[in-house]
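Architecture and fold: a report
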Amino acid sequence: MKKLFKIVLVSIIPLVVFSCYYDEFPEEIVQDDVVIDPDIVVSFADDIAPIFVNYNCTQCHDASGQAPDLSPGNAYASLLAGYVNPGNSGSSTLYIQLNDLGHQNVDPDAIALIKKWIDDGAENN
Ligand code: HEC
């Protein structure tokens, strides 16, 4: 009986000790972790518009498709017509759609640029 108890104890201890071994998952990088130098001026033409091209947003968002029209030349006017609230990314559909709703899996660096551009006033620069 004593032996059986020992065997049970010896098999239970590792179970308890190692049971949480795989609890740590690699940390996901989220937009909040991306730090952009506050002095950097984000340009719509050089930084933001290319994101729409790189991610093929215009495949669905063009003049005849889903609003907003993100095709080159139309994207700025289209976004400012209700999808971007200058100075306030948190209430901007563009930011909410990409960051909070994970639309099209846009990477955190690109989302951080969009956030800064909106918070800095969403200029056509
Ligand atoms: C495969 C097609 C497709 C692609 C590619 C796509 N979208 Fe969309 N998008 C949609 C559809 C459909 C909706 C409306 C339904 C929804 O909210 O998901 C939408 C909604 C949106 C909205 C909100 C519109 C509203 O009226 O509230 C924004 C902003 C947006 N997309 C931006 C983007 C950006 C930026 C990209 C590229 C990074 C992109 N989309 C790529 C199909 C697409």
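Cut-off values and rules
Residue numbers run consecutively from 1 along every chain, following the written order of its sequence. Only residues with pLDDT of at least 70 are given local features in this predicted model, and only at 80 or more are side-chain atom pairs given and counted; all residues enter the totals for whole chains, interfaces and linings. Strands here mean DSSP runs of E at least two residues long; helices mean DSSP runs of H or I at least four residues long; both are numbered from the N terminus. Whether a residue is buried, exposed or partly exposed follows from its count of other C-beta atoms within 10 Å of its own C-beta, namely 20 or more, 12 or fewer, or something in between, respectively; the C-beta atoms are built from the backbone. Residues are defined as contacting one another if the C-beta atoms placed from their backbone atoms lie within 7 Å. Think of a nonpolar core as buried Ala, Val, Leu, Ile, Met, Phe, Trp, Tyr and Cys residues, each tied to the set through C-beta atoms within 7 Å. What makes a residue near a molecule or strand is its C-beta atom, placed from the backbone, lying within 6 Å of it. Under the scheme applied here, ten amino acids are nonpolar (Ala, Val, Leu, Ile, Met, Phe, Trp, Tyr, Cys and Pro), four are charged (Asp, Glu, Lys and Arg), and all others, including Gly, are polar. Angular values range over 0 to 180 degrees, each being the angle between N-to-C directions of two axes fitted as lines to C-alpha atoms, with helices fitted over their stretch in contact. Roughly parallel covers angles under 35 degrees, roughly antiparallel covers those over 145, roughly perpendicular covers 65 to 115, and oblique covers all other angles. Take the far helix as the reference: if the near one is turned anticlockwise from it by less than a right angle, the crossing is left-handed, and if turned clockwise, right-handed.

**Observations concerning the overall build of the protein chain**
On a plain count of helices and strands, the protein chain comes out with five helices and zero strands. When the helices and strands of the protein chain are listed from N to C terminus, the series reads α-α-α-α-α. Per-residue burial over the protein chain gives 18% buried out of 125 residues. Across the protein chain, the fraction of contacts at a sequence separation of at least 24, relative to all contacts at a separation of at least 6, is 52%.

**Examining the nonpolar core**
Formed by 17 residues in total, the largest nonpolar core has its most connected members in Ile48, Leu94, Ile114, Trp117 and Ile118. For this core, the secondary structure elements donating two or more residues are helix 2 (44–54), helix 3 (75–80), helix 4 (93–100) and helix 5 (108–119). With five residues, helix 5 is the single largest residue contributor to this core.

**Regarding the site of the ligand**
Of all residues adjacent to the ligand, which total 19 residues, the nearest are Tyr55, Cys57, Cys60, Gln97 and Gln104. Ranked by the residues each element gives to the shell around the ligand, the list is headed by helix 4, at four residues. Residues belonging to the shell around the ligand are distributed by class as follows: eleven nonpolar, eight polar and no charged.

**Some words on the environment of Tyr55**
Position of Tyr55 among the secondary structure elements: in the loop between helix 2 and helix 3. By C-beta crowding, Tyr55 is classed as partly exposed, having 17 other C-beta atoms within 10 Å. Taking the C-alpha atoms as reference, Tyr55 lies 8.0 Å from Gln104; in sequence the two are 49 residues apart.

**Examining the packing of helix 2 against helix 5**
For the pair helix 2 and helix 5, the least separation of the axes is 10 Å and the interaxial angle reads 130 degrees. On the basis of their axis angle, the class for helix 2 and helix 5 is oblique. Once helix 2 is placed against helix 5, the crossing between them reads as left-handed. In contact with Phe44, Asp47, Ile48 and Ile51 of helix 2, helix 5 contributes Ala110, Leu113, Ile114 and Trp117. Among the residues forming the contact of helix 2 with helix 5, the class breakdown is seven nonpolar, no polar and one charged.

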